[in-house]
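Here's the letter readout for the chains.
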Amino acid sequence: FVSQTGSSSSLKDFENEIGAQPPLGFFDPLGLLDDADQERFDRLRYVEVKHGRICMLAIVGHIVTAAGIRCGGDIAVGVPFTDMKAGLGFFDTISGAGLAQIIAFIGALELGFGLRQAEIEEACERYQENFPISSVVPFDIDRVSGIELNNGRAAQMGILALMVHEKLDNNPYIINDLLGSPVPFN
């Protein structure tokens, strides 16, 4: 990222950042970056990438569980994974203890990453610099970051659409119905 000086910036200062792509360019319809500095932009971008990664995992998880694939064992004492519904139906079938266990696990992941974030990011940078194929195909971090950012944006919209359609008529994969190949769900 390009370092900015001063306490505030105009939106034009962010027009060349990764993720500002045609046809919209830099798009901030809610005005979250009005009078924002580079530090605020970097924080919001960090959160956007993080939520994009979570949503990419959520999409994969939704597809896998809708296909009927489950882990072995119990999610909570006496409650096997195989008894869990897919999608948001999960919250109807999980016990309070199972939900608490999941929340505690996510909290442990967040805390663990927070404590070792600098070390993890440094290891990732070293890996990118020494990526085996980079001698044949140059590793363009800006290009890869832009792809990840856009995939995350698409995943955020995708998981939202799956949840909305699931709540509307319990048919999150409505496009399959429209194409003549319905997917049984829960």
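Cut-offs and rules
Residues numbered from 1 in each chain as written. Predicted model: local features only at pLDDT ≥ 70, side-chain atom pairs only at ≥ 80, totals over all residues. Heavy atoms only, no water. Helix = DSSP H or I, 4+ residues; strand = E, 2+ residues; numbered from the N terminus. Expected span 1.5 Å × (residues − 1). Buried < 20%, exposed > 50% of the residue type's maximum accessible area, 1.4 Å probe, protein only. Contact = heavy atoms within 4.5 Å. Salt bridge = Lys/Arg side-chain N within 4 Å of Asp/Glu carboxyl O.

J.: What am I meant to see in helix H1 (residues 38-66) here?
T.: With 29 residues, H1 extends 41 Å between its outermost C-alpha atoms, agreeing within 8% with the 42 Å of an ideal straight helix rising 1.5 Å per residue. Taken together, the buried positions of H1 are Gln38, Phe41, Arg45, Val49, Gly52, Cys55, Ile59, His62 and Ala66. If you follow the buried residues of H1, they end up packed against helix H4 (141-169). Two residues or fewer after H1 comes Gly68, characterised by a positive phi angle close to 90°.

J.: Just checking my understanding: could you explain the pattern of salt bridges for this structure?
T.: It is possible for side chains of opposite charge to pair when their charged atoms get near one another. Here the structure, examined in full by the defined rule, presents 6 salt bridges. Residue Glu119 is joined to Arg116 by a salt bridge in which the shortest nitrogen-to-oxygen separation is 2.6 Å. Remark: Arg116 and Glu119 occur in helix H3 (residues 96-129); sequence separation between them is 3 residues, near one turn of the helix. Through salt bridges with shared partners, a single ionic network connects Arg45, Glu48 and Arg153.

J.: Quick question: what am I supposed to make of the environment of Ile18 here?
T.: Residue placement: Ile18 occurs in the segment before H1. Setting aside anything within four residues of it in sequence, one finds Ile18 in contact with Arg45, Asp142, Ser145, Gly146 and Leu149.

J.: Would you mind showing me how to read unusual backbone geometry here?
T.: Excluding glycine, residues mostly have negative phi values, and the peptide bonds linking residues are mostly trans. The amide bond that connects Pro22 to the next residue, Pro23, takes the cis arrangement and shows omega of 5°. Located in the positive-phi region is Asp35, a residue other than glycine, with phi close to 60°. Topologically, Asp35 is positioned in the segment before H1. Accessibility expressed as a relative area gives 65% for Asp35, which makes it exposed.

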